Amino acid sequence: MMKIIRSIHEMKEQLEINKSKQIGFVPTMGFLHEGHLSLVKQANQENDIVIMSIFVNPLQFGPNEDFDRYPRNEQQDAKIAEETGVDILFIPDVREMYPEQMGISMTIEKGTNVLCGKSRPGHFDGVITVLTKLFHIVEPTRAYFGLKDAQQFAVVNTLVNELNFPLKLVGLPTIRETDGLAKSSRNVNLSPEERKEATSIYSSLKVGQKIIVDGIKNPDTIINEVKNYLQKSTTATIDYVELLSFPQLEEMTHINETIILAVAVQFGRARLIDNIILDCNGQQIDRIE
Ligand code: AMP
């Protein structure tokens, strides 16, 4: 039977009971889909117990972002989590996580002046703050993140390394719909027409990958091809198309190391992101530790 825990105090009691066990941790914002569940399944294979958190973290949403509109369905999430093998589901409310105005603020500079960091100021500060709290509350052996949010993975990697968190970070591949669209809780905010167009996000990344496989190593050429493709195939506004080293997230003039090719587009009510991580020959890299 899966346990549902809502307080930090009860979570600490559970840790006492599971003292000698290896803990796999999957932090989420809920409205679970196959992407989240793939992390749970992998965590189950590599640890004694799996703890999932569901917390829509107000600190990582900007004033004009979708905090209030973010989809939530706790009952269904609990059912799916249990069926997939979560042992402990931690669902704190905002008051439990932030009982008062924080007296400490965390800021991450490395890797945040690119990609989503540019258009979402403060977002990754909110991410590292909540994860610092969750890592201390859950004390995981391993923490699992999807590479769909690759910049988040890079930022958490910096957090864990620079602040010496005693845990291992695992990054796992993006799970997609059969037509290639990356699974996302935000996909429910797409109109039927937008949903059709949204498949071109992944196709645009594949166009970029093909150019790299064909031997083109100049980032600007690749970025332009991807942008052209997107402009022709969707009415969404392109927020960015970027090609950077991974996980350093630095610009380069010639591809000679692992790279991320990443896209963000804005539809009417949903901002969607996607990326592929490739070696210098254009072959996809799936697991990162
Ligand atoms: P979220 O609930 O959107 O904050 O996501 C929680 C975790 O699930 C993060 O580590 C995400 O990167 C991961 N995740 C979200 N969507 C996917 C996906 N389509 N494939 C793999 N992982 C995902």
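Higher on the page you've got the structure.
Worth saying up front: this structure is predicted, and the values here are computed from it rather than measured.

Trainee: Lay out the sheet that holds strand β7 (residues 237-245) with the relevant residues and their values.
Mentor: Pairing is antiparallel in the open sheet, where three strands are placed in the order β7-β8-β9. The sheet is open, and its two edges are formed by β7 and β9 (271-278), each paired on a single side. Mean inter-strand twist for the sheet, computed between neighbouring axes without regard to direction, equals 10 degrees. Across eight bridges, the pairing between β7 and strand β8 (residues 259-266) is antiparallel.

Trainee: So what about the site of the ligand? Which residues, and what values?
Mentor: The environment of the ligand is formed by 18 residues, the closest being Met29, His36, Asp149, Ile175 and Lys183. Ile175 places a main-chain nitrogen or oxygen 2.8 Å from a nitrogen atom of the ligand. When the free accessible area of the ligand is taken as 480 Å², the share hidden by the protein chains comes to 93%. Ranked by residues supplied to the shell around the ligand, first place goes to helix α2 (residues 34-46) with three residues.

Trainee: Before we move on, could you go through helix α7 (residues 150-162) and cite the residues and values that matter?
Mentor: For α7, spanning 13 residues, the distance from its first C-alpha to its last is 18 Å, which sits close to the expected 18 Å at 1.5 Å a residue. Looking only at α7, the buried set comprises Ala150, Gln151, Phe153, Ala154, Val155, Val156, Thr158, Leu159 and Val160.

Trainee: Run through the packing of helix α1 (residues 8-17) against helix α6 (residues 123-138), naming residues and quoting values.
Mentor: Orientation of α1 relative to α6, taken along the N-to-C sense of each, is 45 degrees, at an axis distance of 9 Å. One element, α1, and the other, α6, form an angle in the oblique class. Counted together, Ile8, Met11, Lys12 and Leu15 of α1 and His136, Ile137 and Val138 of α6 form the full contact between these two elements. For the contact of α1 with α6, a count of residues per class yields five nonpolar, one polar and one charged.

Trainee: So what's going on with the packing of aromatic side chains? Which residues, and what values?
Mentor: Tallied over the full model, the rule gives six aromatic pairs. A centroid spacing of 6.3 Å and a plane angle of 80 degrees characterise the contact between Phe25 and Phe135, whose relative ring orientation is edge-to-face. Of this pair, Phe25 sits in strand β2 (residues 23-28) while Phe135 sits in helix α6, and the two are 110 residues apart along the sequence. With a centroid separation of 5.4 Å and an interplanar angle of 70 degrees, the aromatic rings of Phe61 and Phe67 are classed as edge-to-face. Relative accessible area serves as the criterion here: at 22%, Phe67 is assigned to the partly exposed category. Put simply, the rings of Phe25, Phe135 and Phe165 pair up and form one aromatic cluster. The ring of Phe67 carries Arg72 above its face, with NZ or CZ at 5.0 Å from the centroid. It is Arg176 that lies over the ring of Tyr202; its NZ or CZ is 3.6 Å from the centre.

Trainee: Tell me about the environment of Val263, and please be specific about residues and values.
Mentor: Of note, Val263 is situated in strand β8. For the pair Val263 and Ile211, spaced 52 residues apart in sequence, the C-alpha separation works out to 16 Å.

Analysis parameters
Every chain begins its residue count from 1, and numbering advances along the sequence as written. Owing to the predicted nature of the model, reporting of local features is limited to residues with pLDDT of at least 70; listing and counting of side-chain atom pairs is limited to 80 or more, with chain, interface and lining totals taken over all residues. As a rule here, side-chain values come from all non-hydrogen atoms in the structure, and water together with hydrogens is ignored. Only strands joined by at least two bridges in the DSSP assignment are considered to pair. Numbering goes from the N terminus for both helices and strands, where a helix is a DSSP run of H or I of at least four residues and a strand is a run of E of at least two. The angle between two axes is taken between their N-to-C directions and runs from 0 to 180 degrees, where each axis is a line fitted to C-alpha atoms and a helix contributes only its stretch in contact. The nearness test applies per residue and asks whether one of its heavy atoms lies within 4 Å of the molecule or strand. In protein, a polar contact means a hydrogen-donor-capable atom and an acceptor-capable atom, both N or O and within 3.5 Å, with residues adjacent in sequence counting only if both atoms are side-chain atoms; elsewhere, any N or O pair within 3.5 Å suffices. Each accessible area value is a Shrake-Rupley result obtained with a 1.4 Å probe; residue values ignore everything except the protein chains displayed when judging cover. For a helix, the expected span equals 1.5 Å multiplied by the residue count minus one. Summary of the burial criterion: residues with accessible area below 20% of their type's maximum are buried, those above 50% are exposed, and those between are partly exposed, where the area comes from a 1.4 Å probe applied to protein chains only. Each angle receives one of four descriptions, namely roughly parallel if under 35 degrees, roughly antiparallel if over 145, roughly perpendicular if within 65 to 115, and oblique otherwise. Whether two residues touch is decided by their heavy atoms; if any such pair falls within 4.5 Å, the residues are in contact. Note on residue classes: Ala, Val, Leu, Ile, Met, Phe, Trp, Tyr, Cys and Pro are nonpolar, Asp, Glu, Lys and Arg are charged, and everything else, Gly too, is polar. Under the pairing criterion, centres of Phe, Tyr and Trp rings, with the six-membered ring standing for Trp, must be within 6.5 Å; the plane angle then separates stacked pairs below 30 degrees from edge-to-face pairs above 60, leaving the rest tilted. We count a charge as sitting over a ring when the NZ of a lysine or the CZ of an arginine lies within 6 Å of the ring centre and within 35 degrees of the ring normal.

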